[in-house]
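# Descriptive structure summary
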Amino acid sequence: MAESLRRLVNISTFSVLQEKLEKWFDDYKLNTTDQNVARGCEVIELNAKVQGQLFRILHQCAAEGGTYGGASIIKSRLLPWLSQGLLHTGGVTDDKLISDCVAKDKEMNEIQDMYETSIQQLETDLRVTQDEANVLKAELDDTKCELDRAKSSSTSDKMFTEAEIRELKTKLDLANDENIRNRSRVNLLDDYERQVRVLREEVAVLSGRRSALRHIPPPPPPAILVNGSEAPLDEVTPRALSRVGSPLSSEDPTQRYRQQNLISRFNDMYSINRINAMETLRTYSQDHENNQKIVFAALTEAFNAAKMGFRQHKMKVRSSLALTHLGPSTLEEAVQSHINRHPDSYDLAELISAVIRNLNHNPRIYLPVDASYSLIRPFISEACQISWGMSALAHPLDVAITSEAELFDDTKYRRSYDSEFTAPLVDHHVWPALVQAGHTIVKGEAVTRRGASLHTSRSRSKSPVRSLSPSRAAATLARVRARSRSPSPRRAVSPINLSTNGGRSTPTGARSTRSSLRTF
């Protein structure tokens, strides 16, 4: 029996039968009726042969058990099945039984595979856990050894006394206080940039002075003869302006290097900082002209605040040096040298506060209620630093004086892209001109339009604080038109006193204005 069963397994008849069934199913619609019937007969013949072999094996199995071997199983399972007939729908070829059997086999195989997979996974986890346990055990041993060594060393070390502990606490408190003071004084980024800039300027100044000193004659005596008597050098300061190596000279390396550096930063402000400030203002106000006026006013107010602050600083420096100054340089040269060595002696926060305060009192510009001029604080900070540096020069740089609806000057300004190029009057300024001793160094930018004066008066009414009622606006416009038709009797033109200066007539008022601008 075992040989027959082995031969049946080796032949793999059921596998062949399954393949024939699958091939018949795939070609069923392509075959003819005769071909399908022939395929069915072929499968039935093969199934009959397999059944015959199975019955033969069953008979041999029963014979091995004796006369009544397997009788109970045959009575309970085989006889009822044979009584119904081999070709009955509920017989051997019943699809439900076959499918149930196949499903059970598949389920058993899946359960067995899952069991084997879980066993392998558990074995893997067990090995990993054992490795981790070994590692932890080794670390625990190392830690125990280190703890033993630390314990043995701590017992052998000398214990601190109370006096030593008190002294260490005092030193720690002093160090913390010093750290807090240093943190409050230092702004790392600004100090770093400022120190780099100062070092570069000092290097340029020293290199320029070294090259200049190689060709300088011996210094003059501390006193010279003026009208037959000795006079100190403080009374001949104009000569120091032309002396090579003097900090008041226009050829001084400090003056030239810092002036070029400041002009470059002024141009960068126009192309970078101004654009950033305009973008910030645009998020709160869509009035482009008003935003331009705000940026222009912020820059001019920064120069005004820097000039006032520098004037006070210079007076303090002069009064301090006057007590100890002996020569050989003049007092003004000593003051300028001190200023050149300490170019950052200003309170930036105070300058920024002054600029914002003046912007809040400016009636020509406005911002929404929920916004403030602190939005452009980075622009104001850079403007204050540049304006202080320009004011601290021996020959200071300044922005040109502007007024509403002034006559456009090609030597000071260039027209913006949205200007009316035939208009003679300036509607508003975009960027100020940079001047030195009345000469334009860098041109500014202005917007020219026809009827600039009326446009300026209309633009003032945009401010929510200074807006007028329609009746008051109409009355104001009528008064302006009446004044334009006939001169007002209350506005009398005062004559301008002219003084002769070398054959040229110069208004004394203009001379006083220029002298006030050149005070420092």
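Residues numbered from 1 in each chain as written. Predicted model: local features only at pLDDT ≥ 70, side-chain atom pairs only at ≥ 80, totals over all residues. Heavy atoms only, no water.

## A few points about the overall build of the chain
Scanning the chain from terminus to terminus reveals 16 helices and 10 strands. Across the 520 residues of the chain, 29% fall into the buried class. (Helix = DSSP H or I, 4+ residues; strand = E, 2+ residues; numbered from the N terminus. Buried < 20%, exposed > 50% of the residue type's maximum accessible area, 1.4 Å probe, protein only.)

## A word on a negative patch on the surface
Taken together, the side chains of Glu107, Glu110, Asp113 and Glu116 define an acidic patch exposed on the protein surface. Secondary-structure assignment places glutamate 110 in helix α5 (residues 95-156). (Patch = residues over 30% accessible without salt bridge, like charges linked within 9 Å, V, L, I, M, F, W, Y side chains within 5 Å. Areas by Shrake-Rupley, 256 points an atom, 1.4 Å probe, with all protein chains shown as cover. Salt bridge = Lys/Arg side-chain N within 4 Å of Asp/Glu carboxyl O. Lys, Arg positive; Asp, Glu negative; His and termini not counted. Charge placed at Lys NZ, Arg CZ, Asp CG, Glu CD.)

## Notes on the nonpolar core
One finds Phe379 and Ile380 to be the most contacted residues of the largest nonpolar core, which totals 48 residues. For this core, the secondary structure elements donating two or more residues are α9 (253-282), α10 (288-322), α11 (331-341), α12 (348-360) and α13 (377-391). Looking at this core element by element, the count peaks at 11 residues for α10. Filtering out sequence-adjacent residues up to four positions away, phenylalanine 379 remains in contact with Met269, Asn273, Arg274, Ala277, Val295, Ala298, Leu299 and Trp431. Ranked by size, the runner-up nonpolar core spans 7 residues in total, among them Ala400, Val426, Ala433 and Ala446. (Core = buried A, V, L, I, M, F, W, Y, C linked by side-chain atoms within 4.5 Å. Contact = heavy atoms within 4.5 Å.)

## Some words on the packing of α9 against α13
Packed helices, taken two at a time, are described by their axes: the angle between them and the distance between them. Two elements in contact, α9 and α13, have axes whose closest approach is 10 Å; the angle formed by their N-to-C orientations is 165°. Classed by the angle they form, the pair α9 and α13 counts as roughly antiparallel. For the pair α9 and α13, the crossing hand works out as left-handed. On α13, the residues touching Leu262, Ile263, Arg265, Phe266, Met269, Asn273, Arg274 and Ala277 of α9 are Phe379, Glu382, Ala383, Gln385, Ile386, Gly389 and Met390. Tallied by class, residues from the contact of α9 with α13 come to 9 nonpolar, 3 polar and 3 charged. (Axes fitted to C-alpha atoms, helices over the stretch in contact; angles between N-to-C directions. Parallel < 35°, antiparallel > 145°, perpendicular 65-115°, else oblique. Left-handed = near helix turned anticlockwise from the far one by under 90°. Nonpolar A, V, L, I, M, F, W, Y, C, P; charged D, E, K, R; others polar.)

## Quick notes on the sheet that holds strand β5 (residues 426-431)
If you trace the 3 strands from one edge of the open sheet to the other, you get β4-β8-β5, paired in mixed fashion. The open sheet has two free edges, formed respectively by β4 (413-415) and β5, since each of these has just one partner strand. With strand direction ignored, the average angle separating the axes of adjacent strands in the sheet is 35°. With 3 bridges connecting them, β4 and strand β8 (residues 444-448) associate as parallel partners. Paired with arginine 415 across the strands is alanine 446, a residue of β8. In the packing of α10 onto the sheet, the strands contacted are β5 and β8, and the crossing angle to β5 comes to about 60°. (Pairing = 2+ DSSP bridges.)

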